[in-house]
Amino acid sequence: MRSGARLLALALPLLLAACGGSGDTAAPAEAADVRAALEARLLGRNLSYRWVVCVRTEASFGRSPVFRCNVNFGEPHIVRYCATLEDGHFVTNREEPKMRCGRDAAP
């Protein structure tokens, strides 16, 4: 067996073991995931919008990060939502009034 093939044969089990993870299959939500879930909800309710922008905040709701999402429903009607994916379920401050996004950092 060549040394490269032998090295690969030895490294493969270690690589597979390292990729096994810690058993926690739920990755933290990302802004794109939250935006997509909010867009799906808006479309599901037949609401038209121009754009959706979501930004992660320092706040959390339970164990999940909270995102501030601005939705442009048309001139100049922008609505702010606080949203997260908690255990894979999309939740906003409309369902959970205790969820807060915090204040904007910009002056």
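These numbers were taken from a predicted model, which means no experiment stands behind them.

Undergrad: Provide a residue-level description of the pairing of strand β1 (residues 51-61), including the pertinent values.
TA: Across eight bridges, the pairing between β1 and strand β2 (residues 64-72) is antiparallel. Pairing of Arg-56 across the sheet is with Phe-67, part of β2.

Undergrad: Which residues make up the packing of aromatic side chains, and what values go with them?
TA: Under the defined criterion, the tally for this structure stands at zero aromatic pairs. Seen from the ring of Tyr-81, Arg-94 lies directly overhead, with NZ or CZ sitting 4.2 Å from the centre.

Undergrad: Describe the pairing of strand β4 (residues 89-92), listing the residues and the values that go with them.
TA: The pairing of strand β3 (residues 78-86) with β4 spans four bridges and is classified as antiparallel. Bridging from a neighbouring strand, Glu-86 pairs with His-89 of β4. From the end of β3 to the start of β4, which pair antiparallel, there are two residues, and Asp-87 there has a positive phi angle of about 55°.

Undergrad: Which residues make up the environment of Tyr-81, and what are the values?
TA: Inspection of the secondary structure puts Tyr-81 in strand β3. In the structure, Tyr-81 is positioned twelve residues away from Cys-69 in sequence and 5.1 Å away in space, judged by C-alpha atoms. Aside from chain neighbours lying at most four places away, what touches Tyr-81 is Leu-38, Leu-42, Phe-67, Arg-68, Cys-69, Val-71, Phe-73, Asn-93, Arg-94 and Cys-101.

The rules behind the values
- Residues numbered from 1 in each chain as written.
- Predicted model: local features only at pLDDT ≥ 70, side-chain atom pairs only at ≥ 80, totals over all residues.
- Heavy atoms only, no water.
- Pairing = 2+ DSSP bridges.
- Helix = DSSP H or I, 4+ residues; strand = E, 2+ residues; numbered from the N terminus.
- Phe/Tyr/Trp six-rings, centres within 6.5 Å; stacked < 30°, edge-to-face > 60°.
- Lys NZ or Arg CZ within 6 Å of the ring centre and 35° of its normal.
- Contact = heavy atoms within 4.5 Å.

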